[in-house]
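Breakdown of the fold
Listed here are the chains, written in short residue letters.
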Amino acid sequence: MFKYIIKRLLISLVVLLGVSIIIYTLVRMMPNDYIDTKFATALAQGTVTQEQIDAFKESYGIGDKSFVGICNGYFKWLGNMLRGDLGESFKYNMPVTKVIADNMWISFSIALVATILQFAIAIPLGISSATHQYSVRDYTVTVLTMIGLSLPTYFFAAICIKIFAVNFGWLPTGGLVDAGAIYDTTFVGWLQKTGDMLKHLILPIFVSVVLSLGSLMRYTRTNTLEVLNSDYIRTARAKGLSEKKVVYVHAFRNTLIPLVTLLAGILPSLFGGMMITEQVFSIPGIGLKAYDALKEGDVPFVMGYNMFLAVLTVIGTLFSDIMYSVVDPRVKLGK
């Protein structure tokens, strides 16, 4: 196990190096950059010249978009990164590491709650659908699955805002707290602020859960059907075991084994934020920060954020492989 982990970590370093090269090249090849965005209005009004803008670009290290210029910029960024310095965000005027550390926890809280609810709802529905194949329950779950897979996030979020926030006025349209709200530092004030935040997070979590249910329900249903058709399940039934024990003891255990592979994708989403959801609901999480930085060509932050996600993906994949061998003793990790 130890040798396998060391081997995977060494391979991961090569993967991360390749990912950093691709991301840096793509970011530098974007048609706009931070300086162009910042001084677009001033250039149109004639208060800033193109020569001054070019000088600003050189000072930020993003002026030369030739192959040599991109290579020089990349190796400079890589050297700083190896020293633990992801650079200074152009847009937020603070270290990239600080922006990520300060804003990822609200995204983590939302994603964690949404993920727990997603698994708690999708797995029982998927199993129930499989055990009642071709019934009304099965078709209902299938319809819900298709809805979850088909609706775009921004479209479904807009519908929810229109119905629950605008028409009924039950929930806020966005943000994390009420605009202009002031809370004192007492325990009562803390409770008021916490309640206000929870009220604001109901819609984002609801949207995330609904749109995530489809794929997990379908995955669970397919795995359960495959397990229920296995020889050992038929043997268990032939021995006279109750259907409930067959499904929820023997089949359920093996149904969960393929679901472990989903852990690889959960970790980046927990800390990386939900970019579209946070943008629609104006939630000041890491996803919204990354969206705003990407629009303005903030190279240091975009690089730092994407490498942060790449590292989480590598860790999640390794953790998924290890957990797979734990839940299924038949799987042996390579030496």
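In what follows, the structure referred to is the one given above.
Notes on the structure follow. On a predicted model such as this, the values are computed, not experimentally measured, just so you know.

Thresholds applied
Residues numbered from 1 in each chain as written. Predicted model: local features only at pLDDT ≥ 70, side-chain atom pairs only at ≥ 80, totals over all residues. Heavy atoms only, no water. Axes fitted to C-alpha atoms, helices over the stretch in contact; angles between N-to-C directions. Helix = DSSP H or I, 4+ residues; strand = E, 2+ residues; numbered from the N terminus. Left-handed = near helix turned anticlockwise from the far one by under 90°. Nonpolar A, V, L, I, M, F, W, Y, C, P; charged D, E, K, R; others polar. Patch = residues over 30% accessible without salt bridge, like charges linked within 9 Å, V, L, I, M, F, W, Y side chains within 5 Å. Areas by Shrake-Rupley, 256 points an atom, 1.4 Å probe, with all protein chains shown as cover. Salt bridge = Lys/Arg side-chain N within 4 Å of Asp/Glu carboxyl O. Lys, Arg positive; Asp, Glu negative; His and termini not counted. Charge placed at Lys NZ, Arg CZ, Asp CG, Glu CD. Buried < 20%, exposed > 50% of the residue type's maximum accessible area, 1.4 Å probe, protein only. Phe/Tyr/Trp six-rings, centres within 6.5 Å; stacked < 30°, edge-to-face > 60°. Contact = heavy atoms within 4.5 Å. Core = buried A, V, L, I, M, F, W, Y, C linked by side-chain atoms within 4.5 Å.

Moving on to the packing of helix H6 (residues 96–131) against helix H9 (residues 187–228). Here H6 crosses H9 at 35°, and the two axes come no closer than 6 Å. Crossing angle aside, the handedness with which H6 passes H9 is right-handed. Residues of the contact of H6 with H9, tallied by class, amount to 20 nonpolar, eight polar and one charged.

Mapped onto the fold, Val 311 is located in helix H15 (residues 299–327). For the pair formed by Val 311 and Ser 12, sequence separation is 299 residues and the distance between their alpha carbons is 8.6 Å.

On the surface, a cluster of negative charge is contributed by Glu 51, Asp 54, Glu 58 and Asp 64. Mapping Glu 58 onto the fold places it in helix H4 (residues 50–60). On the basis of relative accessibility, which here comes to 55%, the residue Glu 58 falls in the exposed class.

As a further point, take the packing of aromatic side chains. Inspection of the entire model under this criterion finds ten aromatic pairs. Relative to Phe 108, the ring of Trp 105 has its centre 5.8 Å away and its plane inclined at 80°; by these criteria the two rings are edge-to-face. With a gap of three residues between them, Trp 105 and Phe 108 both fall in helix H6, about one helical turn apart. Aromatic side chains Phe 164 and Trp 170 sit 6.2 Å apart centroid to centroid with 35° between the ring planes, which places their arrangement in the tilted category. Residue classification places Phe 164 among the partly exposed residues on the basis of a relative accessible area of 24%. Among the aromatic side chains, those forming a connected cluster through ring pairs are Phe 156, Phe 164, Phe 168, Trp 170 and Phe 206.

This part is about a nonpolar patch on the surface. On the surface, a nonpolar cluster with roughly 720 Å² of combined accessible area is contributed by Tyr 154, Phe 155, Ile 159, Ile 163, Phe 168, Trp 170 and Ile 276. Along the chain, Ile 159 falls in helix H8 (residues 153–167).

Moving on: the pattern of salt bridges. Taken as a whole and judged by the stated rule, the model has five salt bridges. Asp 102 is paired through a salt bridge with Lys 98; the nearest N and O atoms lie 3.1 Å apart. Residue Asp 102 and its partner Lys 98 are located together in helix H6, separated by four residues, close to a single helical turn. Lys 98 sits in the partly exposed class, given a relative accessible area of 41%. Of the charged contacts in the structure, one is a salt bridge between Asp 138 and Arg 221, with a shortest N-O distance of 2.8 Å. Here the residue Asp 138 occupies a position in helix H7 (residues 136–150), and Arg 221 occupies one in helix H9, the gap between them amounting to 83 residues. We note that Asp 138, like Arg 221, is buried.

As a further point, take the side chain of Gln 118. Inspection of the secondary structure puts Gln 118 in helix H6. If near-sequence neighbours (up to four positions away) are discounted, Gln 118 is found in contact with Ile 123, Val 209, Ser 212, Leu 213 and Leu 216.

With that out of the way, let us pick up the nonpolar core. When a protein is soluble and globular, its nonpolar side chains tend to lie buried together. Counting residues in hydrophobic clusters, the biggest one holds 41 residues, and the most contacted among them are Tyr 24, Trp 77, Val 299, Phe 301 and Met 303. The set of elements that each furnish at least two residues to this core consists of helix H1 (2–28), helix H2 (34–38), helix H5 (67–82), H6, helix H12 (263–272), helix H14 (286–295) and H15. Residue contributions to this core peak at ten residues, all from H15. When near neighbours in sequence (up to four residues on either side) are disregarded, Phe 301 contacts Ser 89, Val 96, Val 99, Ile 100, Ile 286, Lys 289, Ala 290 and Ala 293. Within the second largest apolar cluster, 34 residues are counted, among which are Leu 203, Val 207, Leu 216 and Ile 283.

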